Amino acid sequence: MLHLKTKTLLVLSAIGISLVVAILISSHLCPEALGRSRVKALDNDARARLDAAVRDMRKRGIQPRINSAFRSRAEQRAIYRCARSRRCRARRGIYGAKRPGTSMHEAGLAVDIGGVSAGHRRRRLTPRGRQVVRIMRRHGFKWRYGLKDPAHFELSPRLAGYRTEKAAIRAGQRRWAPKSRARRRASRRA
Ligand SMILES: [Zn+2]
């Protein structure tokens, strides 16, 4: 009897452990989890404004899907490369990407929101998209490229306290990787 109980307990704990591992792995790979950590890496002002905008959307029954927020230089490079191939663009649902070193995503001042537009040949705003654009604008975000890149919203660097786009990008990248930078510096000194 006791033996059976121990066996059951062992099996149950094995199931429990594998469940936890599976959840940990999936949350690590899941793009939404990645999206969340990249939202955290946004510029403070942009994040506060986005939070307020998302609250407004939810009040109106809109659950915004944030597809992209802050990007490291390496991530921007990968997206830029993909955006140059029609196939890769279509597969990943990318409208376009700026050259690495020039995107406001690298400054943590831009976010991409899904479901704003519909249609391929003749793109148009969806009713929900129209509301998203209006709410994002009210919170200071420009719909900078319109239907050319309908998912993209960005805060002007000046509004966030930076003199230029370049300065905002430098600050964003510095904020993101202070540890790896410190490590590089230490290894250079050694
Ligand atoms: Zn974008």
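What this report covers is the structure whose coordinates are included nearby. In this text the structure is predicted, and so the values were computed from the model without any measurement.

Here the focus is the packing of helix 3 (residues 44-59) against helix 6 (residues 127-138). It is at 9 Å that the axes of helix 3 and helix 6 come closest, and there the two elements cross at 140°. Crossing hand, helix 3 versus helix 6: right-handed. Between helix 3, through A53, D56 and M57, and helix 6, the contact on the second element is made entirely by V132, I135 and M136. Considering only residue class, the contact of helix 3 with helix 6 consists of five nonpolar, no polar and one charged.

A word on the environment of I62. The topology assignment puts I62 in the loop between helix 3 and strand 1 (66-68). Looking at I62, the number of C-beta atoms within 10 Å reads 17, which means it is partly exposed. C-alpha separation for the pair I62 and G129, spaced 67 residues apart in sequence, amounts to 9.7 Å. In contact with I62, not counting residues within four places along its chain, are M57, R128, Q131 and V132.

Quick notes on the rules
Residues numbered from 1 in each chain as written. Predicted model: local features only at pLDDT ≥ 70, side-chain atom pairs only at ≥ 80, totals over all residues. Axes fitted to C-alpha atoms, helices over the stretch in contact; angles between N-to-C directions. Helix = DSSP H or I, 4+ residues; strand = E, 2+ residues; numbered from the N terminus. Left-handed = near helix turned anticlockwise from the far one by under 90°. Contact = placed C-beta atoms within 7 Å. Nonpolar A, V, L, I, M, F, W, Y, C, P; charged D, E, K, R; others polar. Buried ≥ 20, exposed ≤ 12 C-beta atoms within 10 Å, placed from the backbone.

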